[in-house]
Amino acid sequence: MSTSVLVINCGSSSIKYALVSERREDRIFGLAENLGSPEARIKGITTGGQELELSIPNADHEKALETILERLSHHNPQAIGHRVVHGGTLTKAELLTPEIIERIREATPLAPLHNPAHLVGIDATMRLFPHLPQIAVFDTAFHQTMPSHAYRYALPKFLYTMHNVRRYGFHGTSHAYVSERGSQLAGSFKQGGWLTAHLGNGSSTCAIWNGQSVDTSMGLTPLEGVVMGTRSGDVDPSIHSFLASNLGWDIYKIDKMLNSQSGLLGLSDLSNDMRTLIEAADEGNEDAALAIEVFCYRLAKSLAALSCGLPRIDGLFFTGGIGENSALIREKTLAYLPHFGFNLSKENNNALKRGTEGRIDAGTGPQIWVVPTDEEGRIAKETEHVVATLEHATTKKSEAETEVA
Ligand code: AMP
C-alpha cells in the first residue's frame, strides 16, 4: 500500500478509527467512546506505539471526529474509508456521492441501529474534509455473490420483490480478508472451498468457493445464525406470537430480548463475554458450561449446513476475538464434526499464540487455520482500490479529450 487511508467506523455512541499505512506495525488506531456524555473520551495507540487517552467532555460525533482528524492531519491521509454495515443491494465499495448516500439511507430499515450512525459520521467527515475522496465499504457487499437459492427466504415473493426481504449477510470485510489471507497461507490463493467462522461478540459463518461468498449464516439482519454474545441467532420465528399471546410482549420488547438479552448472556444469566464464561465454567458454573456447549454445537451445525454450498471442503478458518484466542472453543466445535474428516492437532491448537496465524490440523483431512482478522486493513485496501480506479478513469478521460481537441 503506497498511501495512508483513514478508516472510520461510526457507531451510535462511539467511533473506531485507524490510520492504515503500508506496515501494519505503524498503524495508529483508537476509539472515541461515551459520545454526547461528560465521560466522552478518546483512547488509542498513536505514533510509535504510544498510548493515548484524551478527555473530550460532551463531544458529539462531529467534535470527536474533528479532534481525531486534527491529531492525524499531519499524516496526510489520502482518502477516508467508512465502514457501512448495510449497503442493501450495492455489490462493491463506492465513492460517497449524494446518490450513494441516499442508497445507504434507503437501507436504514434493514440496519436501524447501524446505518444512521454511519450517516452521522459520513456527514461530519464530508463537511470537515470536502477535498478528500470518501469511500463506503459495506459489510454486506461480499455476500452479494450468493446464489438466489441461498439468499431467498421461503416467504411470499412480493416481500422480496417489493420490500427487499432477503438474506444479505454481514461481517463481509472479515470473511473476505480471512478467506483471502488463509487461502494464500494454504497455497491456493482464492481457490477451492473454505468455511470461515468469525467468532466475536457478533459471530457468523461463511462458505467461500473460489474467493466468492456462496452462503453465510446471517440474514436480513445480523440476528440470524449462530449464538452470539447477546444475540440469540436462529430461533423458531413463532417465538414472536408465543410471547405476544402468552406474556403480552410487544414487538419492541421481543426484538430487544432477542438482540440484547439472549445469546451467551441469556443462556448463562452471567455474561456475554466468552472469557468470563470459560472461567466460570472451570469453577463449576453449570449455566456457563451449557452456554459454551450450545455455542459450539450450534456453530458446528451452522458450518455443516453451509458446507452444502461448497462442491468440496478444503478447510476451515477461525477468526474474531473468540476464534483467534480460544483453543477450547475451537476444539469443542470440531469435536462435533468428525464425519467431515477434520482432524485437529491438539498440540498445535493449544500452542498457537494470541494474535498469530497458524495451521492447527494434524495433517490429514481438511486444513484448519487460525487467521487473525484485519477489517480495517481490508477497508483501507478497498478504499485505495476505488480511488485508484477513479483516478485511472479521470486520466483516460482527459487523454481522450486532449486527443479530440
Ligand atoms: P471481538 O468482538 O472480535 O472483539 O471478540 C470479543 C469476544 O472475544 C469476547 O467474547 C471475548 O471474551 C472473546 N475473547 C477474547 N480473548 C479470549 C480468550 N483468550 N479466550 C476466550 N475468549 C476470548
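Parameters at a glance
Residues numbered from 1 in each chain as written. Predicted model: local features only at pLDDT ≥ 70, side-chain atom pairs only at ≥ 80, totals over all residues. Heavy atoms only, no water. Helix = DSSP H or I, 4+ residues; strand = E, 2+ residues; numbered from the N terminus. Rg over C-alpha atoms; globule rule 2.2 N^0.38 Å. Contact = heavy atoms within 4.5 Å. Areas by Shrake-Rupley, 256 points an atom, 1.4 Å probe, with all protein chains shown as cover. Lys, Arg positive; Asp, Glu negative; His and termini not counted. Charge placed at Lys NZ, Arg CZ, Asp CG, Glu CD. Near = heavy atom within 4 Å. Polar contact = N/O pair within 3.5 Å; in protein donor to acceptor, adjacent residues only side chain to side chain. Nonpolar A, V, L, I, M, F, W, Y, C, P; charged D, E, K, R; others polar. UniProt positions renumbered as here; feature names shortened; annotations may be inferred. Salt bridge = Lys/Arg side-chain N within 4 Å of Asp/Glu carboxyl O. Buried < 20%, exposed > 50% of the residue type's maximum accessible area, 1.4 Å probe, protein only. Core = buried A, V, L, I, M, F, W, Y, C linked by side-chain atoms within 4.5 Å. Pairing = 2+ DSSP bridges. Axes fitted to C-alpha atoms, helices over the stretch in contact; angles between N-to-C directions. Parallel < 35°, antiparallel > 145°, perpendicular 65-115°, else oblique. Expected span 1.5 Å × (residues − 1).

Participant: Pulling in residues and values, what's your account of the overall build of the protein chain?
Facilitator: Scanning the protein chain from terminus to terminus reveals 15 helices and 14 strands. Scaling as 2.2 N^0.38, a compact globule of 405 residues should have a C-alpha radius of gyration of about 22 Å, and the protein chain matches this with 22 Å. With respect to the principal axes defined by its C-alpha atoms, the protein chain has extents near 70 × 55 × 55 Å. In the protein chain, the proportion of contacts linking residues at least 24 apart, taken out of those at least 6 apart, comes to 62%. When the accessible surface of the protein chain is totalled, it reaches about 19500 Å², and 52% of it is carbon and sulfur. Separation of charge centres in the protein chain, based on 36 positive and 47 negative side chains, amounts to 3 Å.

Participant: Give me the site of the ligand: which residues, what numbers.
Facilitator: Near the ligand, the surroundings consist of 13 residues, among which N201, D273, M274, R275 and G321 are the closest. Between the ligand and the protein, one listed contact pairs an oxygen atom with a side-chain N or O atom of D273 at 2.4 Å. In this structure, I322 approaches the ligand through a main-chain N or O atom, which is 3.4 Å from an oxygen atom. When isolated, the ligand has an accessible area of 510 Å², and the protein chains bury 73% of it. Tallying contributions element by element places helix 12 (residues 320-325) first for the shell around the ligand, with four residues. Looking at the shell around the ligand, its residues break down into three nonpolar, seven polar and three charged.

Participant: Could you give an account of the UniProt feature "active site" (unreviewed entry) in the protein chain, naming the residues involved and the relevant values?
Facilitator: This chain's UniProt record puts "active site" (unreviewed entry) on D139. You can see D139 is positioned in the loop between strand 8 (134-138) and helix 4 (148-151).

Participant: Which residues make up the pattern of salt bridges, and what are the values?
Facilitator: This model, assessed by the stated rule, comprises 22 salt bridges. One salt bridge in this structure joins R181 and E357, with 2.5 Å as the shortest N-O distance. With R181 in helix 6 (residues 172-185) and E357 in the loop between helix 14 (346-351) and strand 13 (358-359), the pair connects residues that are 176 residues apart, well separated along the chain. Assessed through its relative accessible area of 24%, R181 is described here as partly exposed. Assessed through its relative accessible area of 34%, E357 is described here as partly exposed. Connected through shared salt-bridge partners, E180, K190, R378, K381 and E382 make up one network.

Participant: Describe the nonpolar core, listing the residues and the values that go with them.
Facilitator: Grouped together as the largest cluster of nonpolar side chains are 34 residues, with contacts concentrated most on L199, F295, F318, I329 and L334. Contributions of two or more residues to this core are made by strand 9 (193-199), helix 10 (274-282), helix 11 (286-306), strand 12 (315-319), helix 13 (327-334) and strand 14 (367-370). Core analysis: the second largest hydrophobic core is formed by 23 residues, I8, I42, A59 and F129 among them.

Participant: Tell me about the sheet that holds strand 14, and please be specific about residues and values.
Facilitator: Pairing in this open sheet of six strands is mixed, and the strands run 11-10-9-12-14-13 from one edge to the other. The outermost strands of the open sheet, each flanked by one partner alone, are strand 11 (212-216) and strand 13. This element, helix 11, spans strand 9, strand 10 (203-209), strand 11 and strand 12 of the sheet and lies at about 20° to strand 10.

Participant: Requested: an account of the packing of helix 6 against helix 15 (residues 375-404), with residues and values cited.
Facilitator: Interhelical geometry of helix 6 versus helix 15 gives an angle of 95° and a closest axis separation of 9 Å. Classified by the interaxial angle, the pair formed by helix 6 and helix 15 is roughly perpendicular. Facing helix 6, whose interface residues are T173, S174, A176, Y177 and E180, helix 15 presents E375, R378, I379 and K381.

Participant: Can you lay out the sheet that holds strand 6 (residues 79-84) for me, pointing to particular residues and giving the numbers?
Facilitator: Strand order in the open sheet formed by eight strands is 5-4-3-2-1-6-8-7, and the pairing between neighbours is mixed. Edge strands, defined here as strands with exactly one partner in the open sheet, are strand 5 (50-55) and strand 7 (94-95). Contacts from helix 2 (residues 98-106) reach strand 6, strand 7 and strand 8 within the one sheet, and its direction differs from that of strand 8 by about 30°.

Participant: Outline unusual backbone geometry, supporting the account with residue identities and numerical values.
Facilitator: Positive phi, normally seen in glycine, also occurs at N58, with a value near 65°. By the secondary structure assignment, N58 is in the loop between strand 5 and helix 1 (61-72). Backbone geometry places K190, a non-glycine residue, at a positive phi of 55°. Tracing the backbone through its elements, the reader meets K190 in the loop between helix 6 and strand 9.

Participant: Explain helix 15 to me, using residue names and the numbers behind them.
Facilitator: The first and last C-alpha atoms of helix 15 sit 44 Å apart over 30 residues, in line with the 44 Å expected at 1.5 Å per residue. Listed as buried for helix 15 are G377, R378, I379, A380, T383, E384, V386 and V387. The secondary structure elements touched by the buried residues of helix 15 are strand 1 (5-10), strand 2 (15-20), strand 6, strand 7, strand 8 and helix 6.

Participant: Summarise the environment of G320; cite the residues concerned and give the values.
Facilitator: Mapped onto the elements, G320 comes out in helix 12. For the pair formed by G320 and K43, sequence separation is 277 residues and the distance between their alpha carbons is 21 Å. Excluding anything up to four places from it in sequence, G320 contacts H198, L199 and N325.

Participant: Describe the side chain of S268, naming the residues involved and giving the relevant values.
Facilitator: Position of S268 relative to the elements: it lies in helix 9 (residues 263-268). Residue classification places S268 among the buried positions, given a relative accessible area of 3%. When neighbours within four sequence positions are excluded, S268 is seen to be in contact with L277, D287, A288 and A291.

Participant: Give me the lowdown on the pairing of strand 3 (residues 28-33), citing residues and values where you can.
Facilitator: Direction of pairing for strand 2 relative to strand 3: antiparallel, over a ladder of five bridges. Bridge pairing links Y17 to G30 in strand 3. Note: strand 3 against strand 4 (residues 41-46), five bridges, orientation antiparallel. Paired with F29 across the bridge in strand 4 is I45.

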